[in-house]
Amino acid sequence: MIELAFSILASDFAHLADEVAAAERGGGTIVHVDVMDGHFVPNITFGPPMVKALRPITKLPLDCHLMIEDPDAFIPAFAEAGADMISVQQEACRHLHRTLQQIVVHGMLPGVVINPATPVETLIEVLPMVHYVLVMSVNPGFGGQQFLPLAVDKIAHLVELREHMGLNFRIEVDGGVAHDTVASVVQAGADMLVAGSAIFEKGRAEQNAVEFLRTARAAVSKS
Ligand code: DX5
Ligand code: ZN
């Protein structure tokens, strides 16, 4: 099932509750929360207090993408704040297996993220324990960047590995996913589509989400 995980990073923070409600009305089914620490990536965003603020305003699952050093230290705080899904960057985890276990111990669904330069093969040992793999289609740190087509082959490769290993993790893609790029990632096999700018641009999240999902779902039927 194709799902839109709308990234609130591109929303109007002064009207966050309205923005989330509009993206939800447009068909978004996951709230993607981009957590940045100024160390792992060259930008700072928000942390558990944002998750806590979002929790009462939507029933949708909160998907927290941790672009931070030492994610282990913050897993309990995200759980407490109400996060449902946590993904950690392979490149930021010294003991990735342990970190993923900790996410599960705290009652959340674990995901692992790879940067554009990180090969899919680095995940083989942990694929059986993740609920989702997030393929970055930009270098993390900022919204509004240009989609890197190398992500498409990585998604297709993950689909092959999933089949070969008899697994059922989901495949999420993040960065520059918009009307002109979404068909390629859907056809390759991604089913959780993160989009920020494409949804929140021009303050029309509902309409943008409707159009985005229409394009994405049309691509499935052609693949
Ligand atoms: C980038 C973030 C993305 C970003 C996507 O580091 O992980 O989730 O918000 O934004 P767009 O859709 O504008 O590329
Ligand atoms: Zn993200």
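Before reading on, note that the structure itself is shown above.
Because the structure is predicted, anything quoted here is derived from the model rather than measured. (Residues numbered from 1 in each chain as written. Chains lettered and ligands numbered in written order. Predicted model: local features only at pLDDT ≥ 70, side-chain atom pairs only at ≥ 80, totals over all residues. Heavy atoms only, no water.)

Caption draft 1: Structural detail: the overall build of the protein. For the protein, the count of helices and strands is 8 helices and 8 strands. Scaling as 2.2 N^0.38, a compact globule of 223 residues should have a C-alpha radius of gyration of about 17 Å, and the protein matches this with 16 Å. Once the C-alpha set of the protein is aligned to its principal axes, its extents read approximately 40 × 40 × 30 Å. Burial status across the protein gives 53% buried among its 223 residues. (Helix = DSSP H or I, 4+ residues; strand = E, 2+ residues; numbered from the N terminus. Rg over C-alpha atoms; globule rule 2.2 N^0.38 Å. Buried < 20%, exposed > 50% of the residue type's maximum accessible area, 1.4 Å probe, protein only.)

Caption draft 2: Representation of the coordination of the zinc ion (ligand 2) in the model. Protein coordination at the zinc ion (ligand 2) comes from His32 (NE2), Asp34 (OD), His65 (ND1) and Asp174 (OD), with a distance range of 2.0 to 2.3 Å. For the zinc ion (ligand 2), the 6 donor atoms in the first shell make angles of 69 to 167° at the metal, so the coordination geometry reads as octahedral. The sequence motif formed by the donor residues of the zinc ion (ligand 2) is H-x1-D-x30-H-x108-D. Residue aspartate 34 is located in strand β2 (residues 30-36), and its partner histidine 65 is located in strand β3 (residues 62-67); the two are separated by 31 residues in the primary sequence. Of the two residues examined, aspartate 34 and histidine 65, each falls in the buried class. (Donors = N, O, S within 2.8 Å, 3.2 Å for Na, K, Ca; no water. Tetrahedral: all angles 85-135°; square planar, octahedral: opposite > 155°, others 65-115°.)

Caption draft 3: Quick look at unusual backbone geometry. With a phi close to 50°, aspartate 70 is a non-glycine residue in the positive phi region. Within the secondary structure layout, aspartate 70 lies in the loop between β3 and α3 (75-81). Its identity is not glycine, yet lysine 202 carries a phi of approximately 60°, on the positive side. Structurally, lysine 202 is set in the loop between α7 (197-200) and α8 (205-222).

Caption draft 4: Fine view of the pairing of strand β8 (residues 192-195). A two-sided burial pattern is seen for β8, the buried positions comprising Met192 and Val194 on one face and Leu193 and Ala195 on the other. Taken together, the 4 bridges between strand β1 (residues 3-7) and β8 define a ladder with parallel strand orientation. Directly across from phenylalanine 6, in β8, lies its bridge partner alanine 195. Note: strand β7 (residues 170-174) against β8, 3 bridges, orientation parallel. Paired with valine 173 across the two strands is leucine 193, which belongs to β8. Regarding the hand of the β-α-β motif, the stretch spanning β7, helix α6 (residues 182-188) and β8 is right-handed. (Pairing = 2+ DSSP bridges. Right-handed = clockwise from strand over helix to strand, strands pointing away.)

Caption draft 5: Here's a closer look at the sheet that holds strand β6 (residues 132-136). The parallel closed barrel is built from 8 strands, whose spatial order is β1-β2-β3-β4-β5-β6-β7-β8. Mean inter-strand twist for the sheet, computed between neighbouring axes without regard to direction, equals 25°. The pairing of β1 with β2 spans 3 bridges and is classified as parallel. Residue serine 7 lies in a different strand from β2, and its bridge partner there is histidine 32. (Axes fitted to C-alpha atoms, helices over the stretch in contact; angles between N-to-C directions.)

Caption draft 6: Region of interest: the side chain of aspartate 174. Looking at the secondary structure, you find aspartate 174 in strand β7. For the buried residue aspartate 174, which engages in no salt bridge, the nearest side chain bearing the opposite charge is lysine 154, 13 Å off. If sequence neighbours within four positions are ignored, aspartate 174 has contacts with His32, Asp34, His65, Leu134, Val135, Met136, Ser137, Val138 and Val194. (Lys, Arg positive; Asp, Glu negative; His and termini not counted. Salt bridge = Lys/Arg side-chain N within 4 Å of Asp/Glu carboxyl O. Contact = heavy atoms within 4.5 Å.)

Caption draft 7: Just the packing of helix α1 (residues 16-25) against α8, in detail. α8 packs onto α1 with a crossing angle of 30° between their chain directions and a minimal axis gap of 7 Å. Considered as vectors, α1 and α8 are oriented roughly parallel to each other. By crossing handedness, the relation of α1 to α8 is classed as right-handed. Where α1 approaches α8, its residues Glu19, Ala22, Ala23 and Arg25 are matched on the opposing element by Ala205, Glu206 and Ala209. (Parallel < 35°, antiparallel > 145°, perpendicular 65-115°, else oblique. Left-handed = near helix turned anticlockwise from the far one by under 90°.)

Caption draft 8: Layout of the site of ligand 1. Neighbouring ligand 1 are 20 residues; Asp34, Asp174, Gly176, Gly196 and Ser197 lie closest to it. Contact distances for ligand 1 include 3.0 Å between an oxygen atom and a side-chain N or O atom of serine 7. Look at ligand 1: alone it shows 380 Å² of surface, and the protein chains cover 99% of it. Only β2, β3 and β8 provide two or more residues apiece to the shell around ligand 1. (Near = heavy atom within 4 Å. Polar contact = N/O pair within 3.5 Å; in protein donor to acceptor, adjacent residues only side chain to side chain. Areas by Shrake-Rupley, 256 points an atom, 1.4 Å probe, with all protein chains shown as cover.)

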